[in-house]
Amino acid sequence: VFENGFSNYLRLTNTSNTTTDTDYRFIGQTIEAQNVANSGWNFKSSSSYVTLSAWVRSSLAGTYYGWLNSRDGTGQTYTFSYTLSANTWTKITKTIPGNSNVSVHNNTEEGLVVHFIPWYGTYYTTSGHTLNAWQSSSSTNRTPDYSQNWANTSNATFDVTGVQLEVGSSATTFEHRSVADELTRCQRYYFAMCTDTYEILGTGHQYYSGNIFIPVYFPTTMRAEPTLEALAGGSGAYVYEKLFGNSAQYHHQISQETGKTGHNQSCIIMSGDNTRHGQTVRCSAHSFGSNTQKFVAFNAEI
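Residues numbered from 1 in each chain as written. Predicted model: local features only at pLDDT ≥ 70, side-chain atom pairs only at ≥ 80, totals over all residues. Heavy atoms only, no water.

**Concerning the sheet that holds strand β12 (residues 211–217)**
Strands pair in a sheet through their backbones, by hydrogen bonds, and they do so in one of two ways: parallel or antiparallel. Spatial strand order, β15-β14-β18-β11-β12-β17-β16: seven strands in an open sheet with antiparallel pairing. Of all strands in the sheet, those bounded by a partner on one side alone are β15 (247–251) and β16 (254–256). The sheet shows a mean angle of 35° between the axes of neighbouring strands, taken without regard to direction. (Pairing = 2+ DSSP bridges. Helix = DSSP H or I, 4+ residues; strand = E, 2+ residues; numbered from the N terminus. Axes fitted to C-alpha atoms, helices over the stretch in contact; angles between N-to-C directions.)

**Some details on the sheet that holds strand β10 (residues 190–194)**
Pairing is antiparallel in the open sheet, where three strands are placed in the order β10-β19-β13. With one partner strand each, in any of the chains shown, β10 and β13 (227–230) form the two edges of the open sheet. Between one strand axis and the next, the sheet turns by 25° as a mean value, whatever way the strands run. As paired elements, β13 and strand β19 (residues 296–299) share four bridges and run antiparallel to each other. Opposite A230, over in β19, you have V296 as the bridge partner.

**A short note on the packing of aromatic side chains**
All chains considered together, the criterion is met by 16 aromatic pairs. Between Y64 and Y82 the ring centres are 6.4 Å apart and the planes differ by 25°, which places this aromatic pair in the stacked class. In this pair, Y64 is assigned in strand β4 (residues 62–70) and Y82 in strand β5 (residues 76–84), connecting sequence segments 18 residues apart. Grouping aromatic residues by their ring pairs yields a cluster made of Y24, F26, Y120, Y123 and Y124. The ring of Y189 carries R188 above its face, with NZ or CZ at 5.9 Å from the centroid. (Phe/Tyr/Trp six-rings, centres within 6.5 Å; stacked < 30°, edge-to-face > 60°. Lys NZ or Arg CZ within 6 Å of the ring centre and 35° of its normal.)

**Focus on the pairing of β12**
Sheet faces and side chains relate simply in a regular strand, where the side chains alternate between the two faces. As judged from the two bridges shared by strand β11 (residues 199–206) and β12, these two strands associate in the antiparallel manner. By the bridge assignment for β12, Q206 is matched with I212. The turn linking β11 back onto β12 is made up of four residues, and G210 within it adopts a positive phi angle of 110°.

Here it is in structure tokens:
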């Protein structure tokens, strides 16, 4: 795939073998409903198409399945198969018609889900499952049975890259976007604010109640009002620092002021010193001890 301009791929590695019928392995993507509704695809017409293309590789040869699921209305699924040789990149292309039962709302919620599935337990499969046709969603009838047991093969791998879903009955050349463009699109759903040692949370203001309020402005408008993700704990975890003048103080917990959170900004709360109300405070976050996970983030994923 590298000669086609793909320098990265997403890998799923089987690190825990299983034969349990309710277990599963898949790589999936949820597409925002309004992106589908305004794409130009008449998803209710059997003569209007979208085409899914991707490069796929597995360490086990066999027949594998892809799965689309519309989330609105009654919920419809469309399953297709493809065959892979072991450890060989294969380009798959599947043209999918609309259907009168498919429903996708024009909003910011889940619209269409796409899965590449190396293995489903038999709870989810049916030997007589119909391929290449929309049908009512069923948790116990998603794909045919799998002949190869990927999930019971130690260190089996499954790789996907170059995924593209586009309106029309044929696949076009993959659209390679700039890193900056891709980052902005991703930050609509997830904004990693602090990812390294001693990164600044922001300039906070000490309130008389003892709390420090730190405004945060997102680099792009997020899909929904996000929730704060932050590592916390004691020794060996994350340390949050507040600096009054040249006097540093530390604690292990921050929170989010949800009432002051919108699609473009939020407010972090850190405990402070109410005897210093009215002061401006520098606030930062950094790792402590042996901890190698360092982040504060805002999550608006579907």
